[in-house]
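Take a look at the letters that make up each chain.
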Amino acid sequence: LSKHFVLLPQWIFPDELKRLKKFETRSSAIKKDTIRMVAYTSLVVPPRLLNVNHYITLAQAVKRMVKRKFELIVVDPQGRTLSSGPIKIIRSMPRQEFLSLLASADLYIERSIDEELGYLALEAMSMGVPVAKLSHRKYLDRQDYKEDLILARSFRELAEKIAEYTNNVEHYYYYYSKRGREFVLTKRTWDAVKRPFLTALKHISR
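The text that follows walks through the structure, step by step, so that each part is easy to find. (Residues numbered from 1 in each chain as written. Predicted model: local features only at pLDDT ≥ 70, side-chain atom pairs only at ≥ 80, totals over all residues. Heavy atoms only, no water.)

Note that strand β2 (residues 69–76) and strand β4 (residues 87–91) share five bridges and pair parallel. Opposite Ile-73, over in β4, you have Lys-88 as the bridge partner. Pairing between strand β3 (residues 82–84) and β4: three bridges, direction antiparallel. Opposite Leu-82, over in β4, you have Ile-89 as the bridge partner. Between the end of β3 and the start of β4, which pair antiparallel, lie two residues, with Gly-85 showing a positive phi angle near 60°. (Pairing = 2+ DSSP bridges. Helix = DSSP H or I, 4+ residues; strand = E, 2+ residues; numbered from the N terminus.)

Structure follows, in structure tokens:
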């Protein structure tokens, strides 16, 4: 908050949370032979978003550090496809189909590297899917989350933390699943966002 502007974070409306509940994950990554990671790129390639090449490099780095099988499925709205080792690039799909894919994931990798969490990350967290995120250091003071997701300050650290999560999913899965869901419910619903927003508007209008 400053005297001139308010940062309004991304949020989810209560009705949407109800619709997402039917996709809420009840599967356990602990019982799976292959750990599934999901990511979603963008039609544009701004500097604040990870792109397909970033995800390919990330998968290659993680592969060198893990002891168990994993797959990284990246949905690319630009229509590119690829299947090479643990990484699969696929085209966009209908929303309900994508939500089913997201609910089946053991980890969602957020594409934004600024302070914001994208809508898909909030959807994943509300369904109990743990989220990993790279955040540039200059945006850290704007974040309203810490231990609610797997947070890295560099690309190398992101790869290391994802590898650590994958190798020890029995230890981390339920922790981040619970923390992420609680974060969305307490901080990123409209009811949670509007209170400080209205307070800020009143302050600015004085």
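Its place among the elements puts Ser-126 in helix α4 (residues 119–126). Relative accessible area serves as the criterion here: at 10%, Ser-126 is assigned to the buried category. Of the polar contacts made by the side chain of Ser-126, one reaches the backbone oxygen of Glu-123; its length is 2.8 Å. Beyond its immediate stretch of four places on either side in the chain, Ser-126 contacts Ile-12, Leu-17, Leu-20, Glu-24, Arg-181 and Val-184. (Buried < 20%, exposed > 50% of the residue type's maximum accessible area, 1.4 Å probe, protein only. Polar contact = N/O pair within 3.5 Å; in protein donor to acceptor, adjacent residues only side chain to side chain. Contact = heavy atoms within 4.5 Å.)

With respect to topology, seven strands assemble into an open sheet ordered β3-β4-β2-β1-β5-β6-β7, the strand pairing being mixed. Each end of this open sheet is capped by a strand with a single partner; those strands are β3 and β7 (150–152). Here the average twist between neighbouring strands, direction ignored, is 20°. Here helix α5 (residues 155–167) sits on the sheet in contact with β1 (34–40), β2, β5 (107–109), β6 (131–134) and β7, set at roughly 155° to β7. (Axes fitted to C-alpha atoms, helices over the stretch in contact; angles between N-to-C directions.)

Another aspect to go through is the environment of Gln-143. Inspection of the secondary structure puts Gln-143 in the loop between β6 and β7. Classification of Gln-143 by relative accessible area gives buried; the value is 14%. Residues Gln-143 and Glu-115, 28 residues apart in the sequence, show an inter-C-alpha distance of 5.3 Å. The residues contacting Gln-143, other than those within four sequence positions of it, are Asp-114, Glu-115, Lys-133, Ser-135 and Leu-151.

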